[in-house]
Amino acid sequence: MTTLTPARLHGSSPLTQLTVLTSRSLRVVVADWQVTVFGLVQPIFMLLVISQVFGSMADPSLFPSGVSYIDFLMPGILITTGIGPAIGAGVGLIKDMENGIMARFRSLPIQLYWVMFGRSLSELVRAAAQIGVMLLGAVAFIGFAPPGGVTGALGTLGIAIAVTWSLTWLFLAFGACTRSPQAMQSLGFLAVFPLTFASSAFVPVAVLPGWLQAVAEVNPLTPAVEAARRLTLDQPVDGTVATAVLASLTVGAAAMVVATLGIRRRVAPN
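Remember, predicted model here, so these are calculated numbers, not experimental data.

Peer 1: So what about the environment of A255? Which residues, and what values?
Peer 2: Relative to the helices and strands, A255 is located in helix α11 (residues 240–267). Looking at A255, the relative accessible area reads 5%, which means it is buried. A C-alpha to C-alpha distance of 8.7 Å links A255 and F174, two positions 81 residues apart in sequence. Sequence-distant contacts of A255, defined by excluding residues within four places in its chain, comprise W169, L170 and A173.

Peer 1: Please set out the packing of helix α2 (residues 33–57) against helix α3 (residues 69–80) residue by residue, giving values where relevant.
Peer 2: To characterise two packed helices, one gives the angle between the axes of the helices and the distance between these axes. Close contact between α2 and α3 brings their axes to 11 Å; oriented N to C, the two are set at 135°. Relative to α3, α2 is oriented oblique. Crossing hand, α2 versus α3: right-handed. On the side of α2, the interface is formed by M46, L47, I50, S51, F54 and G55, while α3 contributes Y69, I70, L73, M74 and I77. Classifying every residue of the contact of α2 with α3 gives 9 nonpolar, 2 polar and no charged.

Peer 1: Just give me the short version of the nonpolar core, but keep the residues and values in it.
Peer 2: One broad rule of soluble globular proteins: the nonpolar side chains tend to lie buried together. Core analysis: the biggest nonpolar cluster contains 62 residues, and L47, M74, I79, L93, M102 and W169 have the highest contact counts within it. Beyond its immediate stretch of four places on either side in the chain, I79 contacts T156, I159, A160, V163, L221, A224, V225 and A228. With 5 residues, the next largest nonpolar core counts A198, V205, L208 and A216 among its residues.

Peer 1: Break down the packing of aromatic side chains for me, citing the residues and quoting the values.
Peer 2: Overall, the coordinates contain 7 aromatic pairs when judged by the stated rule. Taken together, a centroid distance of 6.4 Å and an interplanar angle of 25° make the contact between Y69 and F72 stacked. Linking Y69 with F72, this pair stays in helix α3, spanning 3 residues, or about one helical turn. When its relative accessible area of 6% is taken as the criterion, F72 is described as buried. Chaining the aromatic ring pairs together yields one cluster made of F189, F193, F197 and F202. Directly above the aromatic system of F72 lies the positively charged group of R229, at a separation of 3.6 Å from the ring centroid.

Peer 1: Explain α2 residue by residue, including any values.
Peer 2: With 25 residues, α2 extends 37 Å between its outermost C-alpha atoms, agreeing within 8% with the 36 Å of an ideal straight helix rising 1.5 Å per residue. In α2, a bend of some 25° at V41 exceeds every other bend along the element, and P43, a proline, comes one to four places later. Along its buried surface, α2 packs onto α3 and α6 (112–141).

Peer 1: Provide a residue-level description of unusual backbone geometry, including the pertinent values.
Peer 2: At D234, a position not held by glycine, the phi torsion is positive, near 60°. Topologically, D234 is positioned in the loop between α10 (221–232) and α11. For D234, a relative accessible area of 57% translates into the label exposed. Of note in the backbone geometry, D238 takes a positive phi value of approximately 50° without being a glycine. Along the chain, D238 turns up in the loop between α10 and α11. When its relative accessible area of 64% is taken as the criterion, D238 is described as exposed.

Peer 1: Got a sec to walk through the pattern of salt bridges? Specific residues and values, please.
Peer 2: If you walk through the whole model with that rule in mind, you get 5 salt bridges. As a salt-bridge pair, D96 and R119 come within 2.6 Å of each other at their nearest N and O atoms. One end of the pair, D96, is in helix α4 (residues 83–98); the other, R119, is in helix α6, and 23 residues separate them in sequence. With respect to burial, D96 and R119 carry one shared label: buried. Across the salt bridge formed by R230 and D238, the nearest N and O atoms sit 3.0 Å from each other. The network of salt bridges with common partners includes R24, D96 and R119.

The rules behind the values
- Residues numbered from 1 in each chain as written.
- Predicted model: local features only at pLDDT ≥ 70, side-chain atom pairs only at ≥ 80, totals over all residues.
- Heavy atoms only, no water.
- Helix = DSSP H or I, 4+ residues; strand = E, 2+ residues; numbered from the N terminus.
- Buried < 20%, exposed > 50% of the residue type's maximum accessible area, 1.4 Å probe, protein only.
- Contact = heavy atoms within 4.5 Å.
- Axes fitted to C-alpha atoms, helices over the stretch in contact; angles between N-to-C directions.
- Parallel < 35°, antiparallel > 145°, perpendicular 65-115°, else oblique.
- Left-handed = near helix turned anticlockwise from the far one by under 90°.
- Nonpolar A, V, L, I, M, F, W, Y, C, P; charged D, E, K, R; others polar.
- Core = buried A, V, L, I, M, F, W, Y, C linked by side-chain atoms within 4.5 Å.
- Phe/Tyr/Trp six-rings, centres within 6.5 Å; stacked < 30°, edge-to-face > 60°.
- Lys NZ or Arg CZ within 6 Å of the ring centre and 35° of its normal.
- Expected span 1.5 Å × (residues − 1).
- Bend = angle between axes of the 7 residues up to and from the residue.
- Salt bridge = Lys/Arg side-chain N within 4 Å of Asp/Glu carboxyl O.

Below you can see the structure in the form of structure tokens.
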């Protein structure tokens, strides 16, 4: 007599899981066309406002010879654009836990960290689209013509993507440890100001008050902005690019570990 052994359910390959979960997150992002359009327009609106407000007060002597405030500002704007999508990743993760999606994922033969990887990749796509639209808008509307040319712009784009990746995992880690989307949004709102204004994104660090200079020096976005600015302005990069990328990878890797441990603890069965 033959004994039938129940078939074991094997999960799909990691690449398939990542592809499917990334597609799911992207569909959520573009499901509402109004949110998508506003998300693309918002960076251009912010660029126009900041360039006009700060540009009207900027002292040309504070910038390198022949460098306009727009050329000085653009790298900082491009680097800080990823903060919005990064916060969105944390909020989305909390909503998935609230509506039971993460619990359903746990009942399937998939790894939870691929869920977060998929969300991080979808936010990278979103940030890349915003940065691309902003670059085109800056060239079309405010005459942005970086001395570094296409090479410098592509290098800046790469640094911006690396920064967005690290910030996305940082806010995913926050999301794994936060109980409500409202709390996550408040935390993101608090984080925006020191990350953007307490850095060299909008003004040289030398013109900031002493205590704010100290904050800017340890701000993880400052080396990224400086590296992007040197690429954009066609200045010697020295070790700034390597420092910026290494800082982003370090922050992202540490946050990835915290996010993975946090999500396992949150959705673990009682």
